[in-house]
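Letter by letter, the chains look like this.
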Amino acid sequence: AAMGLREKRLFSILGLVAGVLMILSAAAHSLLGWKQLKSELEPLHAPPDLVRAIGTGWNFGGAAMLAFGFIVVALFTHRLKGSPVTLRPAIVIGATYVAFGVGAMVVNDFNPFFLVFVVPGVLLLIASISRRSA
C-alpha cells in the first residue's frame, strides 16, 4: 500500500531535520573545527605547506558537508510540496555519513564526537528508506 500523506509528511520533516543538522555541523566543522585543529598544529611547528594542505582538505570536507545538507533539504522540501522526487541521493548521503561516522569511531577509540555524522546519517536513512516499507 502507498504511504499515507501524514506518514510521508512526517518522514519528509525528519529528512529536513537531518539536512539542517548537516548544514549546522558543516558550519561548525569549517568555522570552529579548523580553528581548533590549526591551533593544535602550531606548537608542533608543522611546515606551512603541510598546514595549508591539511586546511584545504579540512575545508573541502566542510564544503562537501554543506553541499550534502543543501541537497537533502532541497529533496525533502520538494517532497513536502508534493513533487515526485527520488530519494536515492539522500540514501547515498545518509549511508556515507553512517559509514564514515562508524569508521571514524572505530579508528578513534569510539570517540562519541563522531556521532555528529552517525546521527544525521541514521535519521536521513530512516526518512529515505521508510517509504519503501510502507
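Residues numbered from 1 in each chain as written. Predicted model: local features only at pLDDT ≥ 70, side-chain atom pairs only at ≥ 80, totals over all residues. Heavy atoms only, no water.

### Comments concerning unusual backbone geometry
Inference 1: For His 45, which is not glycine, the phi torsion reads 55° and is therefore positive.
Inference 2: Classification of His 45 by relative accessible area gives exposed; the value is 70%.
Inference 3: One non-glycine residue, Asp 109, lies in the positive phi region at around 55°.
Inference 4: By the element assignment, Asp 109 lies in the loop between α3 (88-107) and α4 (115-133). (Buried < 20%, exposed > 50% of the residue type's maximum accessible area, 1.4 Å probe, protein only. Helix = DSSP H or I, 4+ residues; strand = E, 2+ residues; numbered from the N terminus.)

### Digging into the nonpolar core
Inference 1: Ranked by internal contacts, the top residues of the largest apolar core, which has 19 residues, are Met 22, Val 72, Phe 76, Ile 93, Tyr 97 and Leu 124.
Inference 2: Only α1 (5-41), α2 (48-80), α3 and α4 provide two or more residues apiece to this core.
Inference 3: Residue contributions to this core peak at five residues, all from α3.
Inference 4: Aside from chain neighbours lying at most four places away, what touches Tyr 97 is Met 22, Met 65, Phe 68, Phe 117, Val 118 and Gly 121. (Core = buried A, V, L, I, M, F, W, Y, C linked by side-chain atoms within 4.5 Å. Contact = heavy atoms within 4.5 Å.)

### Quick look at the pattern of salt bridges
Inference 1: Scanning the model with the defined rule gives one salt bridge in all.
Inference 2: A salt bridge links Asp 49 to Arg 52; the shortest N-O distance between them is 2.3 Å. On the criterion of helical spacing, the pair formed by Asp 49 and Arg 52 is a turn pair, its members being three residues apart in helix α2.
Inference 3: On the accessibility criterion, Arg 52 (53% relative accessible area) is exposed. (Salt bridge = Lys/Arg side-chain N within 4 Å of Asp/Glu carboxyl O.)

### Comments concerning the confidence of the model for the protein
Inference 1: Summarising the model, the protein shows a mean pLDDT of 93, and 95% of its residues fall at 70 or more.
Inference 2: Ranking the elements of the protein by mean pLDDT puts α4 last, at 87, and α3 first, at 98. (pLDDT = per-residue confidence, 0-100.)

### As for α2
Inference 1: For α2, which comprises 33 residues, the first-to-last C-alpha distance of 47 Å matches the rise-based estimate of 48 Å (1.5 Å per residue) to within 8%.
Inference 2: Those residues of α2 that sit buried are Val 51, Gly 55, Gly 62, Met 65, Gly 69, Val 72, Leu 75, Phe 76 and Arg 79.
Inference 3: Downstream of α2 by a residue or two, Gly 82 has a phi angle that is positive, lying close to 95°. (Expected span 1.5 Å × (residues − 1).)

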